[in-house]
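# Geometric and topological summary
In case you want the letters, here they are:
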Amino acid sequence: QVQLVQVGGGLVQAGGSLRLSCVVSGNIRNIDAMAWERQAPEKQRELVARITGSGDTDYADSVKGRFTISEDNANNTVFLQMNSLKPEDTGLYFCKAERNFPNSIVALGWGQGTQVTVSS
């Protein structure tokens, strides 16, 4: 059982920056990776970034070079630094804890979601 609490989000002008935080508690030993996802009414739900327990990262092509996922293990926190924001980045962002198995990925929990709105 894991719990994820998100902090951050808000309204920013195009070209600006925001940082999202996700504080994780519970059975963190079972977590193999953390991810950020986003959902907008006019767009498909998509994986934005993922970081593994070893520190390897993956990003959606649309955010490469602009977003950075990182972790602070001492505080059980995962961050998403978003720079050079575009209106198309607008959406509801969720952090997600994952456990990897040889044949599947299991979601252990999600944050409550936080709105990011980028104005033109």
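A brief structural summary. Here the structure is a predicted model, which is why all the values come from computation and not from measurement.

Conventions and cut-offs
- Residues numbered from 1 in each chain as written.
- Predicted model: local features only at pLDDT ≥ 70, side-chain atom pairs only at ≥ 80, totals over all residues.
- Heavy atoms only, no water.
- Helix = DSSP H or I, 4+ residues; strand = E, 2+ residues; numbered from the N terminus.
- Rg over C-alpha atoms; globule rule 2.2 N^0.38 Å.
- Buried < 20%, exposed > 50% of the residue type's maximum accessible area, 1.4 Å probe, protein only.
- Disulfide = S-S within 2.5 Å.
- Contact = heavy atoms within 4.5 Å.
- Pairing = 2+ DSSP bridges.

### Some words on the overall build of the protein chain
Per the secondary structure count, the protein chain includes zero helices and 11 strands. Ordered by position from N to C terminus, the α and β elements of the protein chain give β-β-β-β-β-β-β-β-β-β-β. For a compact globule of 120 residues, the expected C-alpha radius of gyration is about 14 Å, and the protein chain comes in at 14 Å, within 12% of that figure. Expressed as lengths along the three principal axes of its C-alpha atoms, the size of the protein chain is roughly 40 × 30 × 25 Å. In the protein chain, which comprises 120 residues, the proportion classed as buried is 39%.

### Focus: the state of the cysteines
Within this structure, the stated rule accounts for one disulfide. The disulfide bridge from cysteine 22 ends at cysteine 95, spanning 2.1 Å between sulfur atoms. Of note, the bridge from cysteine 22 to cysteine 95 carries an S-S torsion of about 60° and is right-handed in sense. Note that cysteine 22 is positioned in strand β3 (residues 18-26) and cysteine 95 in strand β9 (residues 91-101), a separation of 73 residues in sequence. Accessibility classification places cysteine 22 together with cysteine 95 in one group, the buried group.

### A few points about unusual backbone geometry
In this structure, asparagine 76 is a non-glycine residue whose phi angle is positive, near 50°. Within the secondary structure, asparagine 76 is located in the loop between β7 (67-72) and β8 (77-82). The class of asparagine 76 is partly exposed, set by a relative accessible area of 32%. A positive phi angle is found at serine 84, which is not glycine, with a value near 50°. Structurally, serine 84 can be placed in the loop between β8 and β9.

### Points about the environment of isoleucine 31
Mapped onto the elements, isoleucine 31 comes out in the loop between β3 and β4 (33-39). Take isoleucine 31: its relative accessible area is 18%, and that puts it in the buried class. Measuring from C-alpha to C-alpha, the distance between isoleucine 31 and alanine 97 comes to 6.2 Å, with 66 residues separating the pair along the chain. If we ignore the near neighbours within four places in the chain, the residues touching isoleucine 31 are Val2, Val24, Ala97, Glu98 and Leu108.

### What about the side chain of aspartate 89?
Counting through the fold element by element, aspartate 89 comes out in the loop between β8 and β9. When sequence neighbours within four positions are dropped, the list of residues in contact with aspartate 89 reads Arg38, Val63, Arg66, Phe67, Ser84, Val116 and Val118.

### As for the side chain of lysine 96
Structurally, lysine 96 is set in strand β9. With near-sequence residues (within four places) excluded, lysine 96 lies in contact with Leu4, Ala33, Met34, Ala35, Glu37, Ala107, Gly109 and Trp110.

### Topic: the pairing of β9
Direction of pairing for β4 relative to β9: antiparallel, over a ladder of seven bridges. When the bridges of β9 are listed, alanine 35 appears paired with lysine 96. Inspection of the sheet shows β9 paired to strand β11 (residues 114-119) by three bridges, in the antiparallel sense. Paired with tyrosine 93 across the bridge in β11 is threonine 114. Of the pairings in the sheet, the one linking β9 to strand β10 (residues 104-110) comprises six bridges and is antiparallel in character. Among the inter-strand pairings, asparagine 100 is bridged to a residue of β10, identified as isoleucine 105. Hairpin connection, β9 to β10: the antiparallel pair is bridged by two residues.

The analysis is restricted to geometry; functional conclusions fall outside its scope.
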